[in-house]
Amino acid sequence: MTWSHWQVPPFVTSVFFVLGVFTLYWVSYNWIASWARTHRLRIAEETINTWYGILYMVVFAFSIQTLVVGTHISWQFMNFQLIAIIFCAYFLKIHMPVYSLFPILLVYMVFNGSLVYWQSWGHALTLMTFFIVLNRVRNRFYSKRYAALMYMAVGIPFGGLLWLWMKLKFDFSWMTFWQEWLYLVIFEALLYVYVSMLMHDTELKLRLAKFASHDALTQTRNFAAYTESVSYLFKESQTSNRPMAMMMFDIDHFKHFNDTYGHAVGDEVLQQVATTVQTVLAENDPRLRLYRTGGEEFNVLFPGYDLEATQRIVNQAFQAVNHMNIHTAKTVIHVSISVGVSEIIDKDQSPLDFYNRVDHNLYQSKRNGRMQITAG
């Protein structure tokens with residue numbers, strides 16, 4: 001109908017159809033991932049990527065096959081389905097057991113009425129092998145300069161073999177076989193170029209987002225990220241009556257380090273202190289985040305923790321930093337920190353009230369001789 005009415009070749013409309021399907025995937029996936037981040041769901045984006053990607057492509061493959069299932073031309077949309085499989089295997093970075101592919105293929109064969117054909121079994125086994133090989137090629141060669149060459153080196157012969165199984169089953173002409181294989185090769189190349197551009201744009205946005213929310217020197221989250229997090233968590237704490245605590249610390253005599261040894265040494269002190277505290281947090285609770293909120297001042301938010309529950313982690317971080325020795329060209333620097341800790345109380349009307357009380361405890365630690373923890 002498209003060709004007869006608009007004089008547009010079916011292949012051209014197929015290209016736009018395939019690209020439209022994948023564009024819809026990226027738009028819907030980004031919306032879901034953004035929604036999960038906004039609602040602070042504890043779901044890794046890689047997990048969303050895996051399960052939503054599989055579900056999306058399975059629904060796509062089954063939906064398009066319903067148009068021709070049970071007919072003598074049920075092979076006509078195979079290129080679309082192969083592109084969906086290539087997309088899952090190569091571009092989605094899906095980590096799933098190999099054996100989980102077989103039930104999906106078995107259900108598809110039942111749906112398509114192909115269980116009784118030996119050619120369909122050969123096609124299914126080839127398809128599984130294709131998925132596995134392409135996934136491993138992606139994991140090993142994706143960042144290499146010749147990644148595109150490796151991608152096509154796998155896609156072209158497997159595509160030909162898969163279409164050969166269909167030729168044996170449906171006995172269409174060799175002209176159709178060569179034409180469909182060529183179309184698949186073109187689809188594979190276009191998919192690589194198109195998705196690579198989309199992923200490059202996504203990676204650029206992620207880098208810009210990280211730059212906006214992270215401190216470049218210490219790789220901790222910055223004051224802007226702290227403000228956003230504490231506002232959300234404070235509101236959540238009030239709404240759900242869930243406890244939250246905060247640890248605030250700064251490096252003792254930091255100005256002396258800068259004035260005596262130079263800013264390069266001061267930067268090294270900041271970096272090593274931040275790395276040490278982040279290691280302690282990761283070992284205890286990977287959800288905890290370290291924020292650099294001032295020159296040598298850092299904060300840790302403890303959602304779901306009351307004051308008593310923070311003691312072990314705060315003490316570990318305190319001891320880890322206070323046992324640090326930083327070697328410079330001229331001397332060995334002994335680092336210590338002063339710490340203030342508190343939890344949200346009923347009279348806190350805003351995150352600033354909470355912050356000020358923790359800051360007051362930190363000031364008490366410094367006024368009383370530094371290198372100590374004040375909690376309350």
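Residues numbered from 1 in each chain as written. Predicted model: local features only at pLDDT ≥ 70, side-chain atom pairs only at ≥ 80, totals over all residues. Heavy atoms only, no water.

**Re the overall build of the protein**
Here's step 1: Check the secondary structure of the protein and you find 13 helices and seven strands.
Here's step 2: Within the protein, buried positions represent 45% of all 376 residues.
Here's step 3: Taking as baseline every contact in the protein between residues at least 6 positions apart, the subset at least 24 positions apart corresponds to 70%.
Here's step 4: Entry remark: accessible area of the protein is about 20,400 Å², with carbon and sulfur atoms responsible for 63%. (Helix = DSSP H or I, 4+ residues; strand = E, 2+ residues; numbered from the N terminus. Buried < 20%, exposed > 50% of the residue type's maximum accessible area, 1.4 Å probe, protein only. Contact = heavy atoms within 4.5 Å. Areas by Shrake-Rupley, 256 points an atom, 1.4 Å probe, with all protein chains shown as cover.)

**Thoughts on a nonpolar patch on the surface**
Here's step 1: Among the surface-exposed residues, Phe102, Leu106, Val110, Leu115, Val116, Tyr117 and Trp121 lie close enough to one another that they form a single nonpolar patch of about 630 Å² accessible area.
Here's step 2: Per-element accounting of the nonpolar patch gives the leading share, three residues, to helix α5 (residues 101–112).
Here's step 3: Its location among the elements puts Leu106 in helix α5.
Here's step 4: Take Leu106: its relative accessible area is 31%, and that puts it in the partly exposed class. (Patch = residues over 30% accessible without salt bridge, like charges linked within 9 Å, V, L, I, M, F, W, Y side chains within 5 Å. Salt bridge = Lys/Arg side-chain N within 4 Å of Asp/Glu carboxyl O.)

**Here we look at the packing of aromatic side chains**
Here's step 1: Taken as a whole and judged by the stated rule, the model has 32 aromatic pairs.
Here's step 2: Where Phe130 meets Phe158, the ring centres are 5.1 Å apart and the plane angle is 20 degrees; that geometry is what we call stacked. Here Phe130 is found in helix α6 (residues 118–141), whereas its partner Phe158 is found in helix α7 (residues 147–170), with 28 residues between them in sequence.
Here's step 3: Exposure remark for Phe158: the relative accessible area of 17% places this residue in the buried category.
Here's step 4: Plain terms: the ring middles of Tyr226 and Tyr291 are 5.8 Å apart, the flat faces sit at 70 degrees to each other, and that makes the pair edge-to-face. Of this pair, Tyr226 sits in helix α9 (residues 223–240) while Tyr291 sits in strand β2 (residues 289–292), and the two are 65 residues apart along the sequence. For the pair shown, Tyr226 and Tyr291 are each scored as buried.
Here's step 5: Three or more aromatic residues link up through ring pairs in this structure, and these residues are Tyr25, Tyr29, Tyr52, Tyr56, Phe87, Tyr90, Phe91, Tyr151 and Tyr192.
Here's step 6: The lysine or arginine in question, Lys169, covers the ring of Tyr117, its NZ or CZ lying 4.6 Å from the ring centre. (Phe/Tyr/Trp six-rings, centres within 6.5 Å; stacked < 30°, edge-to-face > 60°. Lys NZ or Arg CZ within 6 Å of the ring centre and 35° of its normal.)

**A few points about α7**
Owing to its 3.6 residues per turn, the α-helix aligns residues three or four sequence positions apart on the same side.
Here's step 1: With 24 residues, α7 extends 35 Å between its outermost C-alpha atoms, agreeing within 8% with the 34 Å of an ideal straight helix rising 1.5 Å per residue.
Here's step 2: Phi turns positive one or two residues past the end of α7, at Asp171, with a value near 55 degrees. (Expected span 1.5 Å × (residues − 1).)

**Some words on the confidence of the model for the protein**
Low pLDDT means the predicted coordinates in that region are not meant to be read closely.
Here's step 1: Here the protein averages 83 in pLDDT, and 89% of its residues register 70 or above.
Here's step 2: Of all the helices and strands in the protein, helix α1 (residues 2–6) carries the lowest mean pLDDT, 42, while α7 carries the highest, 93. (pLDDT = per-residue confidence, 0-100.)

**Things to note about the pairing of strand β3 (residues 297–303)**
Here's step 1: Taking burial as the measure, the seven residues of β3 include six buried ones, the bulk of the element.
Here's step 2: Pairing of strand β1 (residues 244–251) with β3 involves seven bridges; the strand directions are antiparallel. Looking at β3, one finds that Met247 is bridged to Val300.
Here's step 3: Where β2 lies against β3, four bridges are found, and the strand directions are antiparallel. If you follow Arg289 over to β3, its bridge partner there is Leu301. (Pairing = 2+ DSSP bridges.)

**Description of empty space enclosed by the protein**
Here's step 1: Enumeration according to the criterion identifies two cavities of 30 Å³ or more in this entry.
Here's step 2: Roughly 630 Å³ of internal volume is contained in the largest cavity.
Here's step 3: Gln81, Ile85, Leu105, Tyr108 and Leu127 are, among the 32 residues lining the largest cavity, the residues nearest its centre.
Here's step 4: Broken down by secondary-structure element, the contributors of at least two residues to the lining of the largest cavity are α3 (45–65), α4 (78–91), α5, α6 and α7.
Here's step 5: Looking at the second largest cavity, its volume works out to about 40 Å³.
Here's step 6: Forming the walls of the second largest cavity are Val15, Val18, Leu19, Phe187, Leu190 and Leu191. (1 Å grid on protein atoms, 1.4 Å probe; cavity = no way out; pocket = protein on both sides within 12 Å on 5 of 7 lines; lining within 4 Å. Points joined across faces, edges and corners; volume = space filled by probe spheres on them.)

**Considerations on α4**
Here's step 1: In this model α4 runs 19 Å from its N-terminal to its C-terminal C-alpha over 14 residues, within 8% of the 20 Å that 1.5 Å per residue would give.
Here's step 2: Most of α4 sits out of view: 13 of its 14 residues are buried.

**Some thoughts on the sheet that holds strand β6 (residues 337–343)**
Here's step 1: Spatially, the five strands line up as an open sheet ordered β2-β3-β1-β6-β7, and their pairing is mixed. Taken across any chain shown, the strands that pair with only one partner, and hence form the sheet edges, are β2 and β7 (373–375). Sheet twist, expressed as the mean angle between neighbouring strand axes with direction ignored, is 20 degrees.
Here's step 2: Across three bridges, β6 lies against β7 in parallel orientation. In the strand pairing of β7, Val339 is matched with Ile373.
Here's step 3: Most of the contacts of helix α12 (residues 307–322) go to β6, to which it runs at about 170 degrees, and overall it touches β1, β3, β6 and β7. (Axes fitted to C-alpha atoms, helices over the stretch in contact; angles between N-to-C directions.)

**Overview of the pattern of salt bridges**
Two side chains carrying opposite charge are able to pair once their charged atoms lie near each other.
Here's step 1: A full pass over the atoms with the stated rule returns six salt bridges.
Here's step 2: Of the charged contacts, one joins Lys167 and Asp171 as a salt bridge, the two residues approaching to 3.7 Å between their closest N and O atoms.
Here's step 3: Given the relative accessible area of 61%, Asp171 is considered exposed.
Here's step 4: Through salt bridges that share partners, Asp250, Asp252 and Lys366 make up one connected network.

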